[in-house]
Structures are given as C-alpha cells and as structure tokens.
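# Examining the three-dimensional arrangement
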Amino acid sequence: MKIKGVLQRLIGFLLLALLWQLIFWSGRFSPLVFPSLTTIGKALLEAVINGELIQQLLLSLSIIAQALFISLLLALFLSLLANIFESTAGLIDTLIALAHPLPGIALMPLVLIWLGAGRQAILVIIIHSVLWPLLLNLRSGFSSIPEIYNLVGKNYGLSKLQIMLQIMAPASLPYFLSGLKIGWARAWRALISAEMLFGAINSIGGLGWFIFEKRVFFDLPGVFAGIIVIIIIGITVENLIFNRIEKRTVKKWGMEL
Amino acid sequence: MGNGIIRNYLSLKNVYKYYYQNAEKKIVLEDINFSAAKAEFVAILGPSGCGKTTLLKIIAGFLEADRGAVYKDGKELRGSSPERIMIFQEFRQLFPWKTVISNILFALNAKRPAINPADRREIARYYLKEVGLSDVGEYYPHQLSGGMKQRVALARALAADPEILLMDEPFGSLDSQRRAKLQRLLVDIWQKTRKTILFVTHDIEEAILLADRIIVMDTDPGHIKEIINNQLKRPRKRTDLEFTALYKRLSRL
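Residues numbered from 1 in each chain as written. Chains lettered and ligands numbered in written order. Predicted model: local features only at pLDDT ≥ 70, side-chain atom pairs only at ≥ 80, totals over all residues.

Nonpolar side chains tend toward joint burial in soluble globular proteins. Core analysis: the biggest nonpolar cluster contains 129 residues, and Ile126(A), Ile104(B), Leu198(B) and Phe199(B) have the highest contact counts within it. Filtering out sequence-adjacent residues up to four positions away, Ile104(B) remains in contact with Ala124(B), Tyr127(B), Leu128(B), Val152(B), Ala155(B), Arg156(B) and Ala159(B). (Core = buried A, V, L, I, M, F, W, Y, C linked by C-beta atoms within 7 Å. Buried ≥ 20, exposed ≤ 12 C-beta atoms within 10 Å, placed from the backbone. Contact = placed C-beta atoms within 7 Å.)

Encoded structure:
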C-alpha cells in the first residue's frame, strides 16, 4: 500500500516532467521564458554548488524557525492566560476574531513604515500569520477536552499543574498539531512574499529574494530552481515531518480530528 | 445488621441538591439519608432523572451538596479523593493517548508513587489479569471493545486501591451478554477485595444480582422511596423463585 502510493506519486512527477519537456520541444515558446528541464536542473545544481541557494535557504529557514518559536510561546502563553483568568478569554477571543482573517501581506505597508524593511519586519508578519490560527486551535482544543478526563485526573488526586501537563496537553494535541500545520503553511507563504517585497527595497536575502533577484536578471532557470526548492521544503515539512508526528501520536491513539 | 458502628462507615445526612433554571429553583435531590457498611455492596436504583448520578458525584466530591453532608467514619468528606474512585458509564473514561497498561499505571503513579517503577508495572499487570485482559496491555483504548474498556477502567480503579468504588451505570452501554459477564466479574472482585461499592443503575435485575442492599429512588424531586435488604444467596440466578419475587416487589415500587 505504502510502496504503491510512492510509485503513484513518482509516476505523476514523471508525467508532469514529460509534459514539460514536450512543451519545450514543441518550440512554441522561447527557451528564455520556457527553459528545458535540463537547463533548470543545471541552474539548480549550480546554485546549490556555489552555495548561494543553500545560504538563502538557511536564512529563510532560520527566520521561519525563529518566528515559529516565538509564535508558539505567545500562543501557549495567551491560551494559558485565557484558561486561568476567565476575564481575559473574551479579550483574547476578540483579538483572534479580528486578526485571524487578516492576511499577513496586508500588514506589510504598515510594518514597513513602523519597522523598516528588515528581518524584524518579516518576523512580525510571519508571527502574525502563525500566531492566530495556532491560538485559535489551542483555544478550541482546550475547550473540546471531555470533562470526564479532568474528573478522572481530579479523582486520582492530580494537582492543577499535573492535570495541565498530564491530561490537558496530550488531550489537546490533535488541535495543537492542526494549528501548527495551518500556521506553518501560512508562515511559509508569508515568508516568501515578504522576502520578495522587502528584497526590492533593502535586500535581506532569503529564498523569496533569490527568486526575485533571478527574475531581475531574466534568469528563468534560476527562478525555477528557487521554486523547486520551495516545493521540496513544503513537501518535506508537510508530508514527512507532520505526517510522521501524527502517525506516531494522534493517529496511533485514534484521536485524529 | 444491628452493628451501628460498622453500618455507619459511609453515611449521607439530609443531603439536598438544587439547581437554578431561569431563576427558578429546581430540586434535584431531596433529603437523602442512608448509610453503607464497610465492604457492603449497595445499589442505587432509580429511573433516569432521579438524581442518582448527581448523588454519586456528591459522594465522589465532584459536586457539593447544597445542604447536608457525606460522612466517612464520622468525618465529613470534602472534595474528591483517590479513596473514592468513580467508574463512569462512558467508554472514553480511559486516556486515549495511553496504552492499556499505562492507563492502569496512571492510577499507581498517582496513588502509590513510593513503589518502584518495576513493581508498579508488575502490579498493573496483576490488575489487568484480574479483569481477564492479560493480553491487551500494549493496546490503545480505541482498539478495544466497550466491554474491554470498562474492564480496564475497573482495573485502573482497583490499582488505586480505594476504600470505596463508586460506579455510575458502568455496564449500561453494553450488550446483555457482555453485561452479564462483567456483573459476574464484579461480584468475584468484590468478594475478593471486600471494597465498599455504591453502584448506580436503572436496571432492577442488575441491582438484585449485585447488591446486598438496594436504595430505591424516584423522580420529581429525586428522593429515596425505600431501602430494601437483599439477602439472596450468592451466586444469584435470575430464574430463582426468590429472585423473581424480589423483582416483582421492586417493579411495583
């Protein structure tokens, strides 16, 4: 079953590649705007070997890791606050309702004026993209914990902190993971766009900037090389990391949402 | 049954419980008085809505009585305690993220942390065997049938070694075959461990089969109608004449 899935995926990729090559061979488009797979492959290899692509990738990943970490702490802090002090819950929920539907990109002009076009600005935009869906999921995760788990915890003499750590945390894990997944997807998109936009003003680098720069020099194979790396990272994180975590936790426990 | 001291091991005195609906006071429990002897098996029998689950939750310490109190050995009980473990009807009382053995270990870790971990595991296995489930220790709850889950819940409760077991229709969601098996298992365990058991049910047969004493409740407001001693010889059979006689008497109430 698993091998079959991988095989199907592989055949899909091959078919797409073939289609691409067929269009290229048809000669309907100039190789400048529609490069062949071999040119793209070469550009990708070159960018990897001379270190440029890896450097920009690492920069992007470091920004996103930092932003995810900060968002995680903020989300945990705010959801704990809402749980412990009833009075803050309404305020926090209002904040979520206002901020959650607002795309990070929409904040960019404002952030640009307030913070300038630097790493800080990108961080703020990514944190905005991640924090609210994560917080929203944590909130609904906590409120969906069956009352019976808490009763059992109380009955066996657990303290409030023990109930929090031993019961609330694992019981809300499915929601936490799904919030993290949404957060990751949003952060990744926000990051690439922010790097492109800010790169045009004040280059701080990153994958988005890599692609943008290649476009400026009309290096389309380079642009595609950047896109391919973005796809690879997306697949790796969503399929390998998240799926693996889910398989070892919520799926194994029969707690999928 | 004249021994007053033992008889008053666990007692409820003038227990009332209200709730408010649109500023209107509704009485859930009205003047509940009874006591249980140590190692006694008491059934609380009544239709739905008679407040029998609320009553059990008050004894467990999950809810507070609005008037009156619950006493154990003459001392008023406050709050919940692992000395009084509740077993629920819901199958999801087990923690889904823990294996069966870890669910039982949870009780041991909470109640008897002084025992070293290897011994705790050994004890957990012992209780799993006691409920007839030696082979499923490494399974997760979602892989078990409803009856198995209730057995694990029983094993977890026993592992905490409580003085009193509070059982809220634990077999209510099982089919009759499984239910009969679990009833026999519970009686065996009770005879072996001599725990005091308060068992809530709406099933007359179940109450007769299990309990030494049957507290019959009724609705509007929830109150005790009658307390009946059940001296039938064990093992009890549904087809015995005395059984059916008691059944008739109870169903007329």
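All names here are of chain A. One can read the domain layout of chain A as domain 1 (1–34) and domain 2 (35–248). One C-alpha centre belongs to domain 1, the other to domain 2; they are set 30 Å apart. Each side of the interface is counted separately: domain 1 has eight residues, and domain 2 has four residues. Considering only residue class, the side of domain 1 that touches domain 2 consists of seven nonpolar, one polar and no charged. (Domains from an automatic or database assignment. Nonpolar A, V, L, I, M, F, W, Y, C, P; charged D, E, K, R; others polar.)

All names here are of chain B. In this sheet, strand β9 (residues 213–218) lies alongside strand β3 (residues 41–45) in parallel orientation, the contact comprising four bridges. Note on β9: the bridge partner recorded for Ile44 is Ile215. Taken together, the six bridges between β9 and strand β10 (residues 223–229) define a ladder with antiparallel strand orientation. Residue pairing in the sheet places Val216 in a bridge with Glu226 of β10. (Pairing = 2+ DSSP bridges. Helix = DSSP H or I, 4+ residues; strand = E, 2+ residues; numbered from the N terminus.)

Attention now goes to the sheet that holds strand β7 (residues 164–168) of chain B. Residue and element names in this part refer to chain B. Strand order in this open sheet of six strands is β6-β7-β8-β3-β9-β10, and the pairing throughout is mixed. On the outer flanks of this sheet lie β6 (84–87) and β10, each paired with one strand and no other. Within the sheet, the average angular offset between the axes of one strand and its neighbour, ignoring direction, is 20 degrees. Where β6 meets β7, four bridges bridge the pair, whose relative direction is parallel. From the neighbouring strand, Arg84 faces β7, where its bridge partner is Ile164. (Axes fitted to C-alpha atoms, helices over the stretch in contact; angles between N-to-C directions.)

On to the sheet that holds strand β4 (residues 67–72) of chain B. In a beta sheet, neighbouring strands pair by backbone hydrogen bonds and run either parallel or antiparallel. Residues and elements named next belong to chain B. The strand order β2-β1-β4-β5 describes an open sheet built from four strands, whose pairing is antiparallel. At either end of the open sheet lies a strand with only one pairing partner, and these are β2 (24–36) and β5 (75–76). Bridge count for strand β1 (residues 10–21) against β4 is five bridges, and the pairing is antiparallel. If you follow Tyr16 over to β4, its bridge partner there is Arg67. Its contacts with the sheet put helix α2 (residues 52–60) on β1, β2 and β4, and the angle it makes with β2 is roughly 65 degrees.

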